[in-house]
Amino acid sequence: MNKNPNISDEDEFSFFENLKVPHNRPKEDIWEELAKSIDKEPQQKKSTVFQLKWIKVAAAVILLIGIGSLSFMRIYSIDITSQKGEFTEHILPDGSQILLNAETSISYHPYWWSFSRELEMEGEAFFEVKKGNKFQVNSANGSTQVLGTSFNIYARNDEYTVYCRTGKVRVSHVNSTQILKPGDYTLLIGNELEKSIITEDEAISWKLGKFIYNTTALDKVFDDFERQYGVNIKVKNSDIYNLNYTGMFDRNISAEEALEMICLTFDLDYEKISNFTYVIQ
Amino acid sequence: MTKKEFKICFESWFDNVRNYIYYRCGDSDLATDITQDAYLKLWEKDFEYHPNKTKGLIYKIARELWISGHRKSSKFQKTELSLHYVDNSIQPSEQLEYKELKCTYEKILAELPENQREVFLMNRMEQLSYKEIAERLELSVKAIEKRMSLALAFLRKEINHE
C-alpha cells in the first residue's frame, strides 16, 4: 500500500536507508578524548572496587544484626502467673490492663507487641484493652479477638466463657464463631459457642470481690473457693457434688465464714483439719 | 572491563547509540555529548563485559542521561529533526521530490511520541530488526511491534492527510 501517491513501499525503504543523521563531530575525535580520560583513571577504579567490597560486608553485618534482633523480639516472651488466693494486675506494653484471677497464667512477646497484640491465657482474667490493632487472646479451648474494649475470659479445663463489657468482641472455637456486644456472654457447649444471658455482676463478680453463684455445681463452687482462699477442701461423700448452689457472699469475709454459709444451705458440716485444709461431711 | 573490551564496545555501538539519542532529542551536539558521557560512565563504573548485556547497558546509561539531565528543559519541549539525504546517483528532479518527502517526514516524525519515533527510526534508518531493537532497549519483541504499528498508523494517517 502506498503511503504517499508519489512513492512505493520499496522506494520508501531505500529512501530511509539513504537518510543519515548529520553529526558534526566524527567518531574518531570522540574516541581520542575518551582514550585520554580513561588512561588517567586506573587508581580511582581500584578504590571504588575496594569500597564496594566494604559496603557489601557492612550491609551483611547490618542485615545479620537486624535479623538477630528481630528474631529475639519475636521469640522472647514474658510469663505471668497468679498463685492461689491472689489477684495480679499486669499492664501490657500498649497500656492495656489485665487483671488475673487466682491461679491464672498469661504469656506474651513484649518486644513483638507493637506488631501483633496476641497472648496466651489459661484461667480467668479481665481485660481492659486500649484501642488499636487486633488484640487476640488464645486459650486451649478458643480464641477471642477485639480491637479495643473490656471483657472477661474464663478458660479452665474444658470450660471457656467470655463476657463482653464494652466494645465488640469476636470469639472463636474451631469453626464456631460468636460476635459479642456489650453485655453479651458466650460459653462453650460441646464444640459450639452459644450465647447465654448473665448479669454483669455475675460475670465479673470475682473482680468486684464477690462470689455470685446461680445454680452452680458444688464442685465448681469448691474449686473456685480453693483458688480464691488458697485452701484445700476435702469431701467425704462425693454425692454432694451433684448439688447446685445459689448464693452470694463477699470476698472480704474469712474462709471459715464463707464455708459456713455454703454448708448451712445444704445442712452440711465442716471440720478444720489444719490451717488450710477443711473436710466436709 | 579491559581497555580492549571498552574499545570494542565503542566501535560496535557508538554510532547506534548516538543516533538513538538523536532520534529522541533531535540535537546532534547534545546526542554526541550524552553518548560520550555514557561511555565514560561505562568505563568508570567498571561493569563486567558481556557482549549482550553491555549493549543494553550503554543504551540505558545514555537514555538515563538524556531523561534525567535534559529532557525536562524547555528547549526540548518540541523536537526538531533535520536529516541528510545522501544519494547523489538519482535524477535532479527526483532529488527535489525526495527533498520534499524528507521535509514531510521530518515534520511528522517530530510529532510522533519519543518511544515510537526511536523504534521506527532504528528500524528504518539503521535496518535493525525488531529483535535487535528489543535487545538494545531491553524490551520484548512484542512491545517493539506494538510501538512500530502505532508509529506506522500515525504516519499513514498524517501523510495521506497532507
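Just so we're clear, the structure is a prediction, and the values are computed from it rather than from any experiment.

Visitor: I keep staring at the overall build of chain A and nothing clicks. Help me out?
Guide: Secondary structure summary: chain A contains 6 helices and 19 strands in total. Relative to its full complement of 281 residues, chain A shows a buried share of 23%. If you take every contact in chain A between residues at least 6 apart in sequence, the share linking residues at least 24 apart comes to 38%.

Visitor: What am I meant to see in the overall build of chain B here?
Guide: Within chain B one finds 7 helices and 1 strand. Secondary structure elements in chain B, listed N-terminal to C-terminal, are α-α-α-β-α-α-α-α. Counting all 162 residues of chain B, 30% fall into the buried class. A separation threshold of at least 6 residues defines the contact pool for chain B, and within that pool the share at least 24 residues apart is 66%.

Visitor: Just checking my understanding: could you explain the interface of chain A and chain B for this structure?
Guide: The figure often quoted for interface size is the accessible area lost as the parts come together. Counting residues at the interface gives 26 residues for chain A and 33 residues for chain B. Breaking the side of chain A that touches chain B down by element, the ones donating at least two residues are α1 (9–17), β1 (19–20), α2 (27–39) and α3 (42–75) of chain A. Looking at the side of chain A that touches chain B element by element, the count peaks at 7 residues for α2(A). For the side of chain A that touches chain B, the class distribution of residues is 11 nonpolar, 7 polar and 8 charged. Across 2 bridges, the pairing between β1(A) and strand β1 (residues 84–85) of chain B is antiparallel. Counterpart to Lys20(A) in the pairing with β1(B) is His84(B).

Visitor: Explain the sheet that holds strand β18 (residues 270–274) of chain A here, please?
Guide: Either a parallel or an antiparallel arrangement is found when strands of a sheet pair, and the pairing is made through backbone hydrogen bonds. All names here are of chain A. Reading across from one edge, β16-β19-β18 is the order of the 3 strands in this open sheet, with mixed pairing throughout. Only two strands of the sheet have a single neighbouring strand rather than two, namely β16 (232–235) and β18. For this sheet, the mean inter-axis angle between neighbouring strands, taken without regard to orientation, is 25°. As paired strands, β16 and strand β19 (residues 277–280) are joined by 4 bridges and run parallel to one another. Residue Val 235 lies in a different strand from β19, and its bridge partner there is Ile 280.

Visitor: How should the confidence of the model for chain B be read in this particular structure?
Guide: Detailed reading of the predicted coordinates is not advisable wherever pLDDT falls low. Residues and elements named next belong to chain B. Model confidence for chain B is summarised by a mean pLDDT of 84, while 94% of its residues fall at 70 or above. Across chain B, helix α6 (residues 130–137) holds the top mean pLDDT of 90, while β1 sits lowest at 74. Prediction confidence for the complex, expressed as pTM and ipTM, is 0.45 and 0.76 respectively.

Visitor: Please explain unusual backbone geometry as it appears in this structure.
Guide: Glycine aside, residues mostly have negative phi, and peptide bonds are mostly found in the trans state. Its identity as a non-glycine residue notwithstanding, Asn157(A) has a phi of 50°, on the positive side. Topologically, Asn157(A) is positioned in the loop between β9 (150–156) and β10 (159–166). A positive phi angle, close to 55°, is found at Glu138(B), a residue other than glycine. Relative to the helices and strands, Glu138(B) resides in the loop between α6 and α7 (141–161).

Visitor: Got a minute to help me understand the nonpolar core in this structure?
Guide: Generally speaking, soluble globular proteins have nonpolar side chains that are buried together. Val17(B), Ile21(B), Ala38(B), Ile58(B) and Ala62(B) are the most contacted members of the largest nonpolar core, which has 38 residues in total. Of all the secondary-structure elements, those providing two or more residues to this core are α1 (3–25), α2 (28–44), α3 (51–71), α4 (92–111), α5 (114–126), α6 and α7 of chain B. Here this core gets 10 residues from one element, more than from any other, and that element is α1(B). Among residues more than four places away in sequence, those in contact with Val17(B) are Thr35(B), Ala38(B), Ile58(B), Tyr59(B) and Ala62(B). Residues Leu100(A), Val162(A), Leu180(A) and Tyr185(A) belong to the second largest nonpolar core, which totals 31 residues.

Visitor: Would you take a moment to explain the pairing of β19(A) for this structure?
Guide: Taken residue by residue, a regular strand's side chains alternate between the two faces of the sheet. Where β18(A) meets β19(A), 4 bridges bridge the pair, whose relative direction is antiparallel. Bridging across to β19(A), Glu271(A) finds its partner in Val279(A).

Visitor: What am I meant to see in the packing of α1(B) against α5(B) here?
Guide: The geometry of a pair of packed helices is captured by two quantities: the angle between their axes and the separation between those axes. All names here are of chain B. Viewed as axis vectors pointing N to C, α1 and α5 meet at an angle of 140°, and their least axial separation amounts to 8 Å. Judged by the inter-axis angle, α1 sits oblique to α5. Note that α1 runs across α5; the crossing there is right-handed. Here α1 contributes Asn 16, Asn 19, Tyr 20, Tyr 23 and Arg 24 to the contact with α5, which in turn contributes Glu 114, Arg 117, Glu 118, Leu 121, Met 122 and Glu 126. Its residues placed into classes, the contact of α1 with α5 shows 4 nonpolar, 2 polar and 5 charged.

Visitor: It is not clear to me how the environment of Trp66(B) should be interpreted in this structure. Could you clarify?
Guide: Inspection of the secondary structure puts Trp66(B) in helix α3. The spacing of Trp66(B) and Ala38(B) is 28 residues in sequence and 9.8 Å in space, taken between C-alpha atoms.

Visitor: Looking at this structure, I do not really get the confidence of the model for chain A. What am I missing?
Guide: Per-residue confidence for chain A gives a mean pLDDT of 83; residues scoring 70 or more make up 93%. Per-element mean pLDDT across chain A ranges from 75 in α1(A) up to 92 in strand β5 (residues 104–108) of chain A.

Conventions and cut-offs
- Residues numbered from 1 in each chain as written.
- Chains lettered and ligands numbered in written order.
- Predicted model: local features only at pLDDT ≥ 70, side-chain atom pairs only at ≥ 80, totals over all residues.
- Helix = DSSP H or I, 4+ residues; strand = E, 2+ residues; numbered from the N terminus.
- Buried ≥ 20, exposed ≤ 12 C-beta atoms within 10 Å, placed from the backbone.
- Contact = placed C-beta atoms within 7 Å.
- Nonpolar A, V, L, I, M, F, W, Y, C, P; charged D, E, K, R; others polar.
- Pairing = 2+ DSSP bridges.
- Axes fitted to C-alpha atoms, helices over the stretch in contact; angles between N-to-C directions.
- pLDDT = per-residue confidence, 0-100.
- Core = buried A, V, L, I, M, F, W, Y, C linked by C-beta atoms within 7 Å.
- Parallel < 35°, antiparallel > 145°, perpendicular 65-115°, else oblique.
- Left-handed = near helix turned anticlockwise from the far one by under 90°.

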